[in-house]
Amino acid sequence: MKLWQGRFDSPEAADADAFNESLSFDKKLWRADITASVAHATMLGECGILTKEEADAICDGLKGIYADIERGALAVEGQEDIHSFVEGELVARIGQTGKKLHTARSRNDQVATDMRLYAREATDNAVSALKALIGVLLARAKETVKYIMPGFTHLRKAQPVNCAQYFNAYSEMFLRDLDRFHALRQRMNVMPLGSAALAGTSWPIDREVTRRLLGFDSISRNSLDAVSDRDFVAEYLFCASLTMAHLSRLCEDTILYTSEEFGYWEIPDAYSTGSSIMPQKKNPDIPELVRGKTGRVYGHLVGILTTIKGIPLAYNKDLQEDKEPFFDAQATLESCLSIYTALLARLTFNVNKMYDAAGEGYSTATDVADYLAKRGVPFRDAHAVTGKLVRYCIEQGKTLPSLTLEEFRLASPVFDADVLQTVTARASAEGRNSVGGSSTEAAKAGIASIRKRLRQY
Ligand code: ARG
C-alpha cells in the first residue's frame, strides 16, 4: 500500500513501481530517517500537536523498529522508499496513532533532513580518515628526515630533496582537504525539517526543538530552497574528488618509485599482487586501483551538478538521483583512504638507491650556478658557465661530483676547492634552508607545523 494511494483508481504498474522505487539504495538512510522521525514526533508532542501519549507511543514504536533493524531482526524491503517503510512498519506495530507521525511534515523535508544527517556522518568519516593518513605521512616523514631522494620536474631529475619534505608535501594537500571537509561539515549543518512539502506548514511547530534534538547548528530560512537544496551533496563530491586527486598523485608516485626503473621504495608482498602468466611479476594493483577509482568519484561530481542544473523550484523527483552517487563516492573515498594508509605505513625505502639517484642527472647544477653567483658572477652568466660544465660532463661521461678542481677552473677561475663539497646531493638538499625547503632543519620545521595544524581538527 502506497502512502499516497487515496487519489488513485488503480495501483501503480509493476514496472512503474520498480522504476520509481528507491528503497533498494536509500535503505542506507534508515538510521537517519528514524532519528529524524523521533525528533519530529517529540516536537509534535511538546507543541501540543500530538498528545503526550501519542508522541510517546510513536517514539517507542520507532525505537523498536530501530533496534530490530540494528540486530537484523527486521528486513528493510517491500516499500517505495525508506520513509514509506518506516511509517508503514510503525502503523503495523502501533496502529492508528502511527498515522499521525507525518503531521506537519512531507517526504520532501524528511528526505532532505535524512540526507544531511547522513552526509554529516560521512563528512566526519572523511575527516577521521584524512587525520589517520596524515598521521602516517608524519610518521614516515619523521623516519626519513635523514634521507635524500631525487626531486623531479617534468619527471626529469631536478634537484635533490629531503624525503620528509616529500611526505610533508602530501600532508599539506591532505590538510587542505581536511580543512575543506571540516568547513563543509559546518556549512551543511542546517536543518530543512519543518519546510514540509515546499511552502512551510500551518501547524504551530517549533523548529528549534527538532534542531536541538538533531544537533543542527541552525534552521533553513526558506522552505522552497530547503527542500530542493543539494549543494551539500555537490560539495561533498567536490571535496571527495579533490582528495582523490591528491591520493591518485601519491599513488602514481608510489607506482613509479616502486618500479624496477626507479627502485626507491618497496611495497610489501602483503600489499602487492602477482601475474597469472609472468611468474616474476610483483604488481602495484592497490595504488593503480586507487588511481583508477578517482575517475568514478569525478564522474559522480559531474553527475550531481548535471542533475541539479535544470530543476524548477522546488522539489522534483530528479533529486532522488543524489543518493547513489553520494553513497558510491563515500564508499570509494573511505576504502581508498583506508587501504592507502595501510600500505603507506608498510612501505620500505631503498635509502642508498634513492641517495645515488638524487645525485644523478647533474641534479646539483643549480648549486654550481648559485656558488658562482654568491661570489659575484651575475646569475645569468653563472647559469651559462654551469651549462657548459654540464655539456662537458655529458661529452666526457662524467658527473658533476666527479669533476676535479682543475676541470671546474677551466670553466671559471672563480671556482675554489670548496666547490667539490657543494656538488653532492646531500649538500645540495641541506643548502636549501628557506622555509619549506629541502634542508633537514626546514623539513623538521615542516613536520612540526603540520602536526600543530593537524591538532586543530
Ligand atoms: N525517495 C524520494 C527521494 O529520495 C523521497 C522523497 C519523495 N518525495 C516526493 N514528493 N515524491 O527524493
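Everything below is about the structure printed above this text.
Just so we're clear, the structure is a prediction, and the values are computed from it rather than from any experiment.

*Asks:* Explain the overall build of the chain here, please?
*Replies:* Secondary structure assignment for the chain yields 19 helices and 6 strands. Scaling as 2.2 N^0.38, a compact globule of 457 residues should have a C-alpha radius of gyration of about 23 Å, whereas the chain reaches 30 Å, well beyond that. By principal-axis analysis of the C-alpha atoms, the chain measures approximately 100 × 55 × 40 Å. Within the chain, buried positions represent 48% of all 457 residues. The long-range fraction of contacts in the chain, counting pairs at least 24 apart against all pairs at least 6 apart in sequence, stands at 76%. Split by element, the accessible area of the chain, about 21,600 Å² in all, is 53% carbon and sulfur.

*Asks:* Is there a simple way to explain the packing of helix α3 (residues 30-46) against helix α5 (residues 82-94) in this structure?
*Replies:* Packed helices, taken two at a time, are described by their axes: the angle between them and the distance between them. Packing of α3 against α5 leaves a shortest axis separation of 10 Å and a crossing angle of 55 degrees. As far as their axial angle goes, α5 and α3 are oblique. Here α3 and α5 pass one another in a crossing that is right-handed. Contacts between α3 and α5 involve Trp 30, Asp 33 and Ile 34 from the first element and Ile 82, His 83 and Val 86 from the second.

*Asks:* Please explain the site of the ligand as it appears in this structure.
*Replies:* Around the ligand, the surrounding shell consists of Ser 22, Asp 26, Asp 81, His 83, Arg 107, Asn 108, Val 111, Tyr 315, Gln 320 and Lys 323. One of the side-chain nitrogen or oxygen atoms of Lys 323 is found 2.6 Å away from an oxygen atom of the ligand. Notes on the ligand: free accessible area 340 Å², of which the protein chains cover 86%. Considering every element that reaches the shell around the ligand, the biggest residue donor is helix α6 (residues 107-143), with 3 residues.

*Asks:* Would you explain the pairing of strand β2 (residues 156-162) in this entry?
*Replies:* Within a regular beta strand, the side chains point alternately toward one face of the sheet and then the other, so they alternate between its two faces. The pairing of strand β1 (residues 148-153) with β2 spans 6 bridges and is antiparallel. Following the sheet pairing, Ile 148 is matched in β2 by Asn 162. Where β1 folds back onto β2 in an antiparallel hairpin, the turn is made up of 2 residues, including His 154, whose phi is positive at roughly 55 degrees.

*Asks:* When you look at the nonpolar core in this model, what are you seeing that I'm missing?
*Replies:* Grouped burial of nonpolar side chains is what soluble globular proteins tend to show. Grouped together as the largest cluster of nonpolar side chains are 94 residues, with contacts concentrated most on Phe 174, Phe 181, Tyr 236, Trp 265 and Phe 326. When residues in this core are grouped by element, the largest group, 14 residues, is from α6. Core analysis: the second largest hydrophobic core is formed by 17 residues, Ala 369, Ala 382, Val 385 and Cys 393 among them.

*Asks:* Honestly, the environment of Leu 420 in this entry has me stumped. Any pointers?
*Replies:* Examined against the element boundaries, Leu 420 turns out to sit in helix α17 (residues 419-422). The spacing of Leu 420 and Leu 403 is 17 residues in sequence and 8.0 Å in space, taken between C-alpha atoms. If we ignore the near neighbours within four places in the chain, the residues touching Leu 420 are Leu 403, Thr 404, Leu 405 and Phe 408.

*Asks:* Help me out: how do you make sense of helix α10 (residues 231-257) in this one?
*Replies:* The end-to-end C-alpha distance of α10, which contains 27 residues, comes to 39 Å, matching closely the 39 Å that a straight helix rising 1.5 Å per residue would cover. Across the 27 residues that make up α10, a large majority, 21, are buried.

*Asks:* In this structure, what is going on with the pattern of salt bridges? I would like to understand it.
*Replies:* Oppositely charged side chains can pair when the atoms bearing their charge come close. Overall, the coordinates contain 31 salt bridges when judged by the stated rule. The salt bridge partner of Arg 230 is Asp 322, with a shortest N-O separation of 2.9 Å. Here Arg 230, found in the loop between α9 (223-228) and α10, pairs with Asp 322, found in the loop between α11 (285-308) and α12 (323-346); they are 92 residues apart in sequence, far enough to count as distant. Arg 230 sits in the buried class, given a relative accessible area of 1%.

*Asks:* What am I meant to see in unusual backbone geometry here?
*Replies:* With the exception of glycine, most residues fall at negative phi, and the peptide bonds are largely trans. A cis amide bond links Leu 313 to the next residue, Ala 314, at an omega of 5 degrees. In this fold, Ala 314 is placed in the loop between α11 and α12. With a phi angle near 55 degrees, Ala 196 is a residue other than glycine that sits in the positive phi range.

*Asks:* Looking at this model, I keep getting lost on the environment of Leu 90. Mind explaining?
*Replies:* If you trace the backbone, Leu 90 turns up in helix α5. Put simply, Leu 90 and Ala 382 are 292 residues apart on the chain and 82 Å apart in space, counted from C-alpha to C-alpha. Here Leu 90 is in contact with Ile 58, Gly 61, Leu 62, Ile 65, Gly 95, Gly 98 and Leu 101, once residues within four sequence places are set aside.

*Asks:* Teacher, can you tell me more about the packing of aromatic side chains here?
*Replies:* Both the distance between ring centres and the angle between the ring planes are used here to describe each pair of aromatic rings. A complete count under the given rule lists 22 aromatic pairs for this structure. A centroid spacing of 5.3 Å and a plane angle of 85 degrees characterise the contact between Tyr 166 and Phe 167, whose relative ring orientation is edge-to-face. For the residue pair Tyr 166 and Phe 167, the accessibility class agrees, reading buried in each case. Each residue in the set Phe 152, Tyr 166, Phe 167, Tyr 170, Phe 174, Tyr 257, Phe 262, Tyr 264, Trp 265 and Phe 349 is aromatic and connected to the rest through ring pairs, giving one cluster.

*Asks:* For this particular structure, what's the right way to read a nonpolar patch on the surface?
*Replies:* Nonpolar side chains collect at one region of the surface, where Leu 198, Leu 224 and Leu 313 lie side by side and expose about 270 Å² of accessible area between them. Taking the relative accessible area as the measure of exposure, Leu 224 reaches 33% and is therefore partly exposed.

*Asks:* How do you make sense of a positive patch on the surface when you look at a structure like this?
*Replies:* Taken together, the side chains of Lys 142, Arg 451, Lys 452 and Arg 455 make up a positively charged region of the molecular surface. Along the chain, Lys 452 turns up in helix α19 (residues 440-454). According to the relative accessible area criterion, Lys 452 is exposed, its value standing at 57%.

*Asks:* Any chance you could explain the packing of α3 against helix α4 (residues 52-70) here in plain terms?
*Replies:* One can describe the packing of α3 onto α4 by two numbers: an axis separation of 9 Å at closest approach and a directional angle of 170 degrees. In terms of axis orientation, α3 runs roughly antiparallel to α4. For the pair α3 and α4, contact is made by Trp 30, Arg 31, Ile 34, Thr 35, Ser 37, Val 38, Ala 41, Thr 42 and Gly 45 and by Ala 55, Ile 58, Cys 59, Leu 62, Lys 63, Ile 65, Tyr 66, Ile 69 and Glu 70, respectively.

What counts, and where the lines are drawn
Position numbers for residues count from 1 along each chain, tracking the sequence in the order it is written. Restriction of local features to residues with pLDDT of at least 70 applies here, the model being predicted, together with a cutoff of 80 or more for giving and counting side-chain atom pairs; totals for whole chains, interfaces and linings are based on all residues. The side-chain figures draw on all heavy atoms in the structure; neither hydrogens nor water molecules are used. Numbering of helices and strands starts at the N terminus; helices are DSSP runs of H or I of at least 4 residues and strands are runs of E of at least 2. In this setup the radius of gyration rests on C-alpha atoms only. A globule is expected at 2.2 Å times the number of residues raised to 0.38. Relative accessibility thresholds used throughout: buried, under 20% of the residue-type maximum; exposed, over 50%; partly exposed, between the two (1.4 Å probe, protein chains only). A contact between two residues is defined here by any heavy atoms of the two lying within 4.5 Å. Accessibility throughout is a Shrake-Rupley quantity obtained with a 1.4 Å probe, and a residue counts as covered only by protein chains that appear here. Interaxial angles span 0 to 180 degrees and are taken between N-to-C directions of axes, which are lines fitted to C-alpha atoms, for helices over the stretch in contact. Throughout this description, any angle smaller than 35 degrees is read as roughly parallel, any larger than 145 degrees as roughly antiparallel, any in the 65 to 115 degree range as roughly perpendicular, and the remainder as oblique. A crossing counts as left-handed when the near helix is turned anticlockwise from the far one by less than a right angle, and as right-handed when that turn is clockwise. Nearness here has a simple test: a residue counts as near a molecule or strand if at least one of its heavy atoms is within 4 Å of that partner. Any pair of nitrogen or oxygen atoms within 3.5 Å is treated as a polar contact; in protein, a donor-acceptor pairing is required on top of that, and neighbouring residues in sequence qualify only through side-chain atoms on both sides. Strands are labelled as partners when DSSP assigns at least two bridges between them. To define a nonpolar core, start from buried Ala, Val, Leu, Ile, Met, Phe, Trp, Tyr and Cys residues and group those joined through side-chain atoms within 4.5 Å. Helix span, expected: 1.5 Å multiplied by one less than the number of residues in the helix. When a carboxyl oxygen of Asp or Glu lies within 4 Å of a side-chain nitrogen of Lys or Arg, that pair is called a salt bridge. For Phe, Tyr and Trp, rings pair up if their centres lie within 6.5 Å, where Trp contributes its six-membered ring, and each pair is then called stacked (planes under 30 degrees apart), edge-to-face (over 60) or tilted (otherwise). Each patch is assembled from residues with relative accessible area greater than 30% and no salt bridge, linking like charges that lie within 9 Å and nonpolar side chains (Val, Leu, Ile, Met, Phe, Trp, Tyr) that lie within 5 Å. Counted as positive: Lys and Arg. Counted as negative: Asp and Glu. His and the chain ends are not counted at all. Here the site of a charge means NZ on Lys, CZ on Arg, CG on Asp, or CD on Glu.

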